[in-house]
Amino acid sequence: MSSSHKITASSRLIENYRADLESAVASAPESERSLYKIFAAAFCELEELLKVGEPIEKIAKNIRSQRHAFGWSYVSGDLGDRVSTSSHELFRHIDEQIIRIKGTEWYHTNEN
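Residues numbered from 1 in each chain as written. Predicted model: local features only at pLDDT ≥ 70, side-chain atom pairs only at ≥ 80, totals over all residues. Heavy atoms only, no water.

Asker: I'm lost on the nonpolar core in this one. Help?
Answerer: Here is a general trend for soluble globular proteins: nonpolar side chains tend to be buried in one another's company. The biggest cluster of nonpolar side chains holds 26 residues, and the ones touching the most others in it are Tyr17, Tyr36, Leu46, Ile59, Leu90, Ile94 and Ile98. For this core, the secondary-structure elements that each account for two or more residues are helix H1 (11-27), helix H2 (30-52), helix H3 (56-72), helix H4 (77-102) and helix H5 (104-109). For Ile94, the residues in contact, after removing those within four places along its chain, are Ile7, Thr8, Ala9, Leu46, Leu50, Ile59 and Ile63. (Core = buried A, V, L, I, M, F, W, Y, C linked by side-chain atoms within 4.5 Å. Buried < 20%, exposed > 50% of the residue type's maximum accessible area, 1.4 Å probe, protein only. Helix = DSSP H or I, 4+ residues; strand = E, 2+ residues; numbered from the N terminus. Contact = heavy atoms within 4.5 Å.)

Structural data, given as structure tokens:
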């Protein structure tokens, strides 16, 4: 069942995460750049989902996938901390909207 509610993202949170990713792709250690490129591609996908107003279920799946990728990845130093923080802030902002619309139970039982 798809919801007709539209999920939005704070432009400040979007821009913070974008700037942190761009900085990381440009200056991270070579061994970590491929991770940042993967994160940047997933971020672009999320932006497009939000822009076209995709259903909550699709946005939630993207966020879960990105959180999972961060959980299994290691990025070091100040860059890693900044990217991790800005992504978490953005994802939390979106998660809170999803929970408000779909409910906590839906959020925690529909993790696929």
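Asker: Mind showing me how you'd approach the packing of H2 against H4 here?
Answerer: A pair of packed helices can be characterised by two numbers: the angle between their axes and the separation between those axes. Contact geometry for H2 and H4: axes closest at 13 Å, N-to-C directions at 20°. Here H4 runs roughly parallel to H2, going by the angle between their axes. Note on packing geometry: the crossing formed by H2 with H4 is left-handed. Of H4, the residues touching H2 (which contributes Tyr36, Phe43, Leu46 and Leu50) are Leu79, Gly80, Val83, Leu90, Phe91 and Ile94. Class assignment of the residues belonging to the contact of H2 with H4 gives a composition of nine nonpolar, one polar and no charged. (Axes fitted to C-alpha atoms, helices over the stretch in contact; angles between N-to-C directions. Parallel < 35°, antiparallel > 145°, perpendicular 65-115°, else oblique. Left-handed = near helix turned anticlockwise from the far one by under 90°. Nonpolar A, V, L, I, M, F, W, Y, C, P; charged D, E, K, R; others polar.)

Asker: So what exactly am I meant to see when it comes to H1 here?
Answerer: Because an α-helix packs 3.6 residues into every turn, residues spaced three or four apart end up facing the same way. Here H1 is 17 residues long and its end C-alpha atoms lie 24 Å apart, about the 24 Å a rise of 1.5 Å per residue gives. Along H1, the residues that are buried comprise Leu13, Ile14, Tyr17, Asp20, Leu21 and Ala24. Across the axial projection of H1, the buried residues extend over an arc of 140°, all falling on one side. Of the exposed residues in H1, those oriented more than 90 degrees away from the buried face are Ser11, Arg12, Glu22 and Ala26. (Expected span 1.5 Å × (residues − 1). Arc of directions from axis to C-beta.)

Asker: Would you mind going over H4 with me for this structure?
Answerer: Relative to the 38 Å expected for 26 residues at 1.5 Å per residue, H4 spans 36 Å between its end C-alpha atoms, a close match to the ideal helical length. Looking at H4, one finds that the buried residues are Leu79, Gly80, Val83, Ser86, Ser87, Leu90, Phe91, Ile94, Asp95, Gln97, Ile98 and Lys102. Looking one or two residues past H4, Gly103 carries a phi angle of roughly 95°, positive in sign.

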